[in-house]
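# Structural description and commentary
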Amino acid sequence: MGQTDPANAEPVGVVLGRLRRSARLTGWHLGRMVGMSQAKISRIETGQVSASPADVARLGRALGAGADVIEDLAARAERSQYRMTDWRQSPV
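Quick look at the structure, then. Since we're looking at a predicted model, the values are computed, not measured.

## Describing the overall build of the protein chain
Helix and strand content of the protein chain: 5 helices and 0 strands. Order of helices (α) and strands (β) in the protein chain, N terminus to C terminus: α-α-α-α-α. Burial status across the protein chain gives 32% buried among its 92 residues. Taking contacts inside the protein chain between residues at least 6 apart in sequence as the whole, the part at least 24 apart equals 62%.

## Looking at the environment of Ala-67
Tracing the chain through its elements places Ala-67 in helix H5 (residues 67-82). Along the backbone, Ala-67 and Ala-57 are 10 residues apart, and their C-alpha atoms lie at a distance of 9.1 Å.

## Here we look at the nonpolar core
Judged by nonpolar contacts, the single largest core of 18 residues is most densely connected at Leu-16, Val-56, Leu-59 and Leu-73. Elements that contribute at least two residues to this core include exactly helix H1 (12-22), helix H2 (27-34), helix H3 (38-46), helix H4 (53-62) and H5. Broken down by element, this core gets its largest block of residues, 4 residues, from H5. Those residues within four positions of Leu-16 in sequence are excluded, and the remaining contacts are Ile-44, Glu-45, Val-56, Leu-59, Gly-60, Leu-63 and Leu-73.

Cut-offs and rules
- Residues numbered from 1 in each chain as written.
- Predicted model: local features only at pLDDT ≥ 70, side-chain atom pairs only at ≥ 80, totals over all residues.
- Heavy atoms only, no water.
- Helix = DSSP H or I, 4+ residues; strand = E, 2+ residues; numbered from the N terminus.
- Buried < 20%, exposed > 50% of the residue type's maximum accessible area, 1.4 Å probe, protein only.
- Contact = heavy atoms within 4.5 Å.
- Core = buried A, V, L, I, M, F, W, Y, C linked by side-chain atoms within 4.5 Å.

Here you go:
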């Protein structure tokens, strides 16, 4: 999976969710495989929490993703941890 344009890249959780469904695993089963709760898997997939690069790599390996896919997802997860969020209310 070569370099993707970050502006057009799917969220990491969306990709992980698709990989999980392709592997025909439930969130519970994947969580058992990697030592995470089903709730955490769900929150990662829905974007409610940002996954750490280590968690993304662990999930990717458990789902049988290629090294290039895992590397890309982990790098994107790392960048998202450093992204600043502006919590100021925007003008109406």
